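Overview (structure and organization)
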Amino acid sequence: MIILLFALLAFSFLLEAFNFKFKNWCFAFLLILLITVEAIKNHSGIDFTYGYDHYYAAMQGDTDSSYEYVYKLMVNFFSALKLPYPGFLLIYFSLVYLLYYLALSKFTEYKNTALLFLFCITIGLMGSNRQILALSIGMFASAYFLPRQKIYFALSILLAIFIHQSAFFLLPFILLNKRVDLKIYSYLLVFAFFMQIFHFSKPVLNFLIFNFAPNITTKKAIIYDAIPSSEFSVVGFSLGVVRRLLPLILMLVFEKELRSNLKFDFVFNVLFLSLFTYILMYQDLEYIASRIGVYYLVFEAVLYSWFVPIIMRHKKKYLLISLYLFFCGFLIYKNTHYFPELFFPFRTLYFTF
């Protein structure tokens with residue numbers, strides 16, 4: 001099923017790139033298909049069991065849980081109506097993809113391409129209901145409320161925090177709408193490498209959490225703190241840095257062509273934040289970095305969609321299109337290979353594929 005979805009999304013990207021008819025109908029069909037797949041999945045994707053058990057426990061009267069308040073409120077409401085879990089997921093992910101649709105429509109003309117990259121970047125979150133909704137709220141709020149309506153943006157992120165507290169790391173977006181001198185970014189990268197080399201990141205974050213964060217965050221921090229640090233991989237770290245540095249370099253090289261996009265500075269700053277946090281948190285805070293990193297990486301989907309007209313004017317457009325598809329395939333592999341059994345084969349209520 002995951003491979004089929006990838007093939008259909010890739011086909012919609014080709015339709016869009018060559019400006020064929022029905023590309024908008026294809027986009028709408030894919031949104032409906034993605035919602036349907038999310039609704040009928042059965043023990044596929046990460047954390048499915050936790051969400052499933054929580055929902056039916058609430059249906060049986062156990063409405064207390066450690067989950068965030070707004071998500072818990074949604075579960076309690078729909079479970080009180082005796083709506084089966086697939087029905088809840090259908091409504092829930094209809095909201096998620098409506099927010100994605102609105103955000104992508106605001107960010108880019110090339111929504112099919114952005115949806116392809118968005119799917120490949122977030123596939124590893126499939127089943128993590130709370131964070132997916134928080135992520136979609138963050139994208140929507142970034143598209144519609146920044147840079148002028150900062151209060152509405154902050155309120156939206158506050159709502160997202162009460163769905164998944166990791167959305168707290170979206171708040172810096174308020175400050176990321178102006179062009180920043182590259183020298184400042186150079187200093188920040190030096191600082192990040194310094195913190196990484198001397199393993200200061202984890203003690204500093206723990207100090208902030210244990211002294212200033214709410215209890216729910218502190219309890220989870222204790223669990224994450226007990227997870228042993230993985231062995232430092234020079235190759236893995238270098239590839240991660242290159243992956244996050246590449247879009248920044250491309251934005252600088254093609255700035256004249258991309259500057260017409262009103263969100264250029266915002267996307268550049270967010271992608272730099274992605275690079276900065278990756279360097280800062282790699283190894284010692286790897287789990288947390290993977291949880292918050294996706295809030296920044298999804299804006300790669302926006303950026304790569306901006307390159308479609310540039311690619312189609314290039315004499316080697318077929319090679320560049322192939323590289324796009326290869327990169328997307330690599331992202332699916334990378335984001336599912338830790339737990340491949342949760343994605344391949346994909347299990348649904350009606351079939352396994």
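Everything here concerns the structure above.
This text gives an overview of the structure that appears in the document. (Residues numbered from 1 in each chain as written. Predicted model: local features only at pLDDT ≥ 70, side-chain atom pairs only at ≥ 80, totals over all residues. Heavy atoms only, no water.)

**Description of the overall build of the chain**
Each helix and strand in the chain was counted, giving 18 helices and 0 strands. For the chain, the spread of C-alpha atoms along the three principal axes comes to 60 × 55 × 40 Å. Across the chain, contacts joining residues at least 24 apart in sequence account for 76% of those joining residues at least 6 apart. Counting every atom, the chain has about 17,700 Å² of accessible surface; 70% of that belongs to carbon and sulfur. On the chain, the mean spot of the 28 positive side-chain charges and the mean spot of the 18 negative ones are 10 Å from each other. (Helix = DSSP H or I, 4+ residues; strand = E, 2+ residues; numbered from the N terminus. Contact = heavy atoms within 4.5 Å. Areas by Shrake-Rupley, 256 points an atom, 1.4 Å probe, with all protein chains shown as cover. Lys, Arg positive; Asp, Glu negative; His and termini not counted. Charge placed at Lys NZ, Arg CZ, Asp CG, Glu CD.)

**Details of a nonpolar patch on the surface**
Together, Y69, L73, I151, Y152, L155, L158 and F162 give the surface a local cluster of nonpolar side chains, amounting to about 760 Å² of exposed area. Counting residues per element, the ones that place at least two in the nonpolar patch are α4 (69-80) and α8 (150-161). Considering each element in turn, the nonpolar patch owes the most residues, 4 residues, to α8. In this fold, L155 is placed in helix α8. (Patch = residues over 30% accessible without salt bridge, like charges linked within 9 Å, V, L, I, M, F, W, Y side chains within 5 Å. Salt bridge = Lys/Arg side-chain N within 4 Å of Asp/Glu carboxyl O.)

**Concerning helix α12 (residues 234-253)**
For α12, which comprises 20 residues, the first-to-last C-alpha distance of 27 Å matches the rise-based estimate of 28 Å (1.5 Å per residue) to within 8%. The axis of α12 is deflected most strongly, by about 30°, at L245, and proline P247 appears within four residues downstream. For α12, the full list of buried residues reads F237, G240, V241, R243, R244, P247, L248 and M251. (Expected span 1.5 Å × (residues − 1). Bend = angle between axes of the 7 residues up to and from the residue. Buried < 20%, exposed > 50% of the residue type's maximum accessible area, 1.4 Å probe, protein only.)

**Describing the nonpolar core**
Counting residues in each nonpolar core, the largest one holds 120 residues, and the members touching the most others are F173 and F299. Residues within four places of F173 in sequence aside, it is in contact with S142, L146, F153, F266, V270, L273, Y295, Y296 and F299. (Core = buried A, V, L, I, M, F, W, Y, C linked by side-chain atoms within 4.5 Å.)

**Things to note about the packing of aromatic side chains**
Enumeration according to the criterion identifies 45 aromatic pairs in this entry. With a centroid separation of 5.6 Å and an interplanar angle of 85°, the aromatic rings of Y55 and Y56 are classed as edge-to-face. Assessed through its relative accessible area of 0%, Y55 is described here as buried. Taking 5.1 Å as the distance between ring centres and 80° as the angle between the ring planes, the aromatic pair formed by F77 and F78 counts as edge-to-face. Through successive ring pairs, a cluster of aromatic residues spans F48, Y52, Y55, Y56, Y67, Y71, F77, F78, Y85, F88, Y92 and F93. (Phe/Tyr/Trp six-rings, centres within 6.5 Å; stacked < 30°, edge-to-face > 60°.)

**Digging into the environment of H43**
Relative to the assigned elements, H43 resides in the loop between α2 (23-40) and α3 (48-59). For the pair H43 and G127, spaced 84 residues apart in sequence, the C-alpha separation works out to 8.6 Å. Ignoring anything within four residues of it in the chain, the contact list for H43 reads F48, T49 and R347.

**A few points about empty space enclosed by the protein**
Counted according to the given criterion, the structure contains 1 cavity of 30 Å³ or more. What the largest cavity holds in volume is close to 140 Å³. As for the largest cavity, its lining consists of 14 residues, of which E38, Y97, F119, T122 and I132 are closest to the centre. Those elements giving two or more residues to the lining of the largest cavity turn out to be α2, α5 (85-107), α6 (111-122) and α7 (129-145). Tallying contributions element by element places α6 first for the lining of the largest cavity, with 4 residues. Class assignment of the residues belonging to the lining of the largest cavity gives a composition of 12 nonpolar, 1 polar and 1 charged. (1 Å grid on protein atoms, 1.4 Å probe; cavity = no way out; pocket = protein on both sides within 12 Å on 5 of 7 lines; lining within 4 Å. Points joined across faces, edges and corners; volume = space filled by probe spheres on them. Nonpolar A, V, L, I, M, F, W, Y, C, P; charged D, E, K, R; others polar.)

**A look at α7**
Since one α-helical turn is 3.6 residues long, residues separated by three or four positions face the same way. The end-to-end C-alpha distance of α7 is 24 Å, a good match for the 24 Å that 17 residues give at a rise of 1.5 Å each. Most of α7 sits out of view: 16 of its 17 residues are buried.

**Remarks on the layout of surface pockets**
The space that makes up the second largest pocket amounts to roughly 460 Å³. Lining the second largest pocket we find 22 residues, and of these F107, S260, N261, L262 and K263 sit closest to its centre. Among the elements of the structure, α5, α7, α13 (255-258), α14 (264-281) and α17 (308-313) are those that each provide at least two residues to the lining of the second largest pocket. With 3 residues, the single largest contributor to the lining of the second largest pocket is α17.

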